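# Structure at a glance
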Amino acid sequence: MRVLGILLTLACYAACKWLYRRVHVVWLNPMITSLVAIVALLRIAHISYAAYDMSARWLTAFLGPATVAFAVPLYRHFPVLKAHWPEFLLSLTFGSATGITGSVLLARLLRLNHIVVTSVAPRSVTTPIAMDISQAIGGIPTLTAVFVILTGITGVIVGPWLLRLLRLQSPVARGALFGMGSHGIGTARAFEYGAMEGTCSSLAMIVAAFITLALAPPLVNALG
Amino acid sequence: MRSVLEASRLKQAGFTAVQIAVLYGMTALCNAAVRWLHLSVPGSIVGVLLVFLLLKSGVVKLSWLERGADFLIRELLLFFIPSSVGVMAYAHLMKQDGLKVMAVVVVGTALVMTVTGSVAELVWRVRNRQANDARTEPNEVNAS
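Residues numbered from 1 in each chain as written. Chains lettered and ligands numbered in written order. Predicted model: local features only at pLDDT ≥ 70, side-chain atom pairs only at ≥ 80, totals over all residues. Heavy atoms only, no water.

### With respect to the confidence of the model for chain A
- Scored by pLDDT, chain A has a mean of 90; 100% of the residues are at 70 or more.
- The least confident element of chain A is helix α9 (residues 127-136) of chain A, whose mean pLDDT is 83; the most confident is helix α6 (residues 78-83) of chain A, at 95. (pLDDT = per-residue confidence, 0-100. Helix = DSSP H or I, 4+ residues; strand = E, 2+ residues; numbered from the N terminus.)

Next up, the structure:
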């Protein structure tokens, strides 16, 4: 089992990415298909998650470095951030606060379990940081990882529709909408509108992570 | 010809691997520092700021890291597959509350996007108007 978990994950990921390139349907996002395939295979082979993760956690170890890697696009596109910092700062602060309070209030309205509430609250930011925030506010990081993906896919479907409804003219607003609402998955979609939209989306995603990290613990505490 | 091409690809892969190792080492260093200083910030966040400042100050050149960084970001999905497979352990929770959770995610995401997009658009319009006013101010003074 030592390398089997890694090999299984790599093989499923490669196959699912190939499938997504051939059949470009939102629901066939490699994240979803890989997850379904691996869970199914583990179930069939009667392998527990703990045994799988013993090996696969070597891949998880790269989440930290992948987060640090975001310093590169931040550096590359810093002039755009500098030119539009009031747009980014205000929209992402309001967006992040809406994400946290909205999730907590909605989840409570539906009488969801407390652990689900704290796991769902930080789901709008990119996975590694969402998992860190989740841990800090008493959620289950693993559950948060799943919510982050669901959020990303939801954003890709809802985003273009909202963009038309709100009649957004500015590429900064269009980019911020995707970057804040559905992180990396949304950023890929934002690039389909234009380079400026995509750049703004990736910047929004990085800055949103910082803002959510600062806002989540006090907000969740206050809503306690 | 083909072997030359393959050799250069191998060399590029080597660069990427070394750069990933450097990013990995920096992350480990930041995690250790955060633990040692008892900070409540994740080490990876400290790492983003540190690497950004190193690039900005010119201590580290972009070309030293960009291959590795671009690779990690491009394949980000791969690294969180194992964690999300962990949902297996919470199958009972999802079976019980799956629909409600989906409702929170869908409504919540639409809310976040609406607020973010609207605020950014509003600020953008106000700043554009200010910029235009500043440019046309002399004419307006004459007109009045």
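### Points about the nonpolar core
- Core analysis: the biggest nonpolar cluster contains 99 residues, and Y52, F88 and L92 of chain A together with V85 of chain B have the highest contact counts within it.
- Broken down by element, the residue count for this core peaks at 12 residues, all from helix α12 (residues 195-223) of chain A. (Core = buried A, V, L, I, M, F, W, Y, C linked by side-chain atoms within 4.5 Å. Buried < 20%, exposed > 50% of the residue type's maximum accessible area, 1.4 Å probe, protein only.)

### Remarks on α9 of chain A
Residue and element names in this part refer to chain A.
- Of all 10 residues that make up α9, seven are buried, and the element is covered over most of its length.
- Taken together, the buried positions of α9 are T127, P128, I129, A130, M131, I133 and S134.
- One or two residues past the end of α9 sits G138, with phi positive at roughly 85°.

### What to know about the side chain of S201 of chain A
Residues and elements named next belong to chain A.
- Locating S201 in the fold gives a position in helix α12.
- For S201, a relative accessible area of 0% translates into the label buried.
- Separated by 2.9 Å, the side chains of S201 and T187 make a polar contact.
- For S201, the contacting residues outside a window of four places in its chain are G175, F178, G179, G186, T187 and A190. (Polar contact = N/O pair within 3.5 Å; in protein donor to acceptor, adjacent residues only side chain to side chain. Contact = heavy atoms within 4.5 Å.)

### Overview of the pattern of salt bridges
- A complete count under the given rule lists eight salt bridges over all chains for this structure.
- Between K17 of chain A and E75 of chain B there is a salt bridge, with its nearest N and O atoms 2.8 Å apart. Of this pair, K17 of chain A sits in helix α1 (residues 4-22) while E75 of chain B sits in the loop between α3 (62-74) and α4 (76-85), which puts the two residues in different chains.
- Given the relative accessible area of 11%, E75 of chain B is considered buried.
- Across the pair E66 of chain B and R76 of chain A runs a salt bridge whose closest N-O atoms are separated by 2.9 Å. Here R76 of chain A lies in helix α5 (residues 71-76) and E66 of chain B lies in helix α3, a pairing that spans two chains.
- Under the relative-accessibility criterion, R76 of chain A is labelled partly exposed at 33%.
- Salt bridges linked by common partners bring R76 of chain A together with E66 and D70 of chain B together as one network. (Salt bridge = Lys/Arg side-chain N within 4 Å of Asp/Glu carboxyl O.)

### Notes on the packing of helix α10 (residues 141-165) of chain A against helix α11 (residues 171-190) of chain A
Residue and element names in this part refer to chain A.
- Contact pair α10 / α11: the axes reach a minimum separation of 8 Å and the direction vectors enclose 130°. One element, α10, and the other, α11, form an angle in the oblique class. Handedness of the α10/α11 crossing: left-handed. Contact residues: V148, I149, T151, G152, I153, G155, V156, G159, P160 and L163 in α10; R174, L177, F178, G181, S182, H183, I185, G186 and R189 in α11. (Axes fitted to C-alpha atoms, helices over the stretch in contact; angles between N-to-C directions. Parallel < 35°, antiparallel > 145°, perpendicular 65-115°, else oblique. Left-handed = near helix turned anticlockwise from the far one by under 90°.)

### Observations concerning the packing of α1 of chain A against helix α3 (residues 49-60) of chain A
Residues and elements named next belong to chain A.
- Packing of α1 against α3 leaves a shortest axis separation of 6 Å and a crossing angle of 60°. The angle between α1 and α3 falls in the class oblique. Handedness of the crossing formed by α1 with α3: right-handed. Listed contacts from α3 to L4, G5, I6, L8 and T9 of α1 are Y52, S55, A56, W58 and L59.
- Of the residues belonging to the contact of α1 with α3, the class tally is seven nonpolar, three polar and no charged. (Nonpolar A, V, L, I, M, F, W, Y, C, P; charged D, E, K, R; others polar.)

### With respect to the domain arrangement of chain B
- Per the domain assignment, the segments making up chain B are domain 1 (1-74) and domain 2 (84-144).
- Computed over C-alpha atoms, the centres of domain 1 of chain B and domain 2 of chain B are 31 Å apart. (Domains from an automatic or database assignment.)

### Re the interface of chain B and chain A
- Contacts between chain B and chain A engage 68 residues on the former and 93 residues on the latter.
- Both faces combined, the contact of chain B with chain A buries some 7,300 Å², and carbon together with sulfur accounts for 81% of it.
- A per-residue breakdown of the area chain B buries against chain A is headed by M88, V104 and M113 of chain B, which together make up 10% of the total.
- Those elements giving two or more residues to the side of chain B that touches chain A turn out to be α1 (2-36), α2 (43-57), α3, α4 and α5 (91-143) of chain B.
- At 30 residues, the largest contribution of residues to the side of chain B that touches chain A is made by α5 of chain B.
- Residue classes in the side of chain B that touches chain A are distributed as 46 nonpolar, 12 polar and 10 charged. (Buried area = accessible area lost by both parts, 1.4 Å probe.)

### Structural notes on the confidence of the model for chain B
Residues and elements named next belong to chain B.
- Chain-level pLDDT for chain B is 87 on average; 93% of the residues reach the 70-or-more range.
- α4 is the least confidently modelled element of chain B, averaging 84 in pLDDT, while α2 averages 93, the highest of any element.
- Here residues 140-144 is modelled with pLDDT under 50, and outside its nearest four sequence neighbours on either side it reaches one contact, counting other chains as well.

### Brief notes about α2 of chain B
Residue and element names in this part refer to chain B.
- Over its 15 residues, α2 runs 21 Å from end to end, which matches the ideal 21 Å to within 8%, given 1.5 Å per residue.
- For α2, every residue scored as buried is listed here: G43, S44, I45, G47, V48, V51, F52 and L55.
- Phi for G58, located one or two positions after α2, is positive at around 85°. (Expected span 1.5 Å × (residues − 1).)

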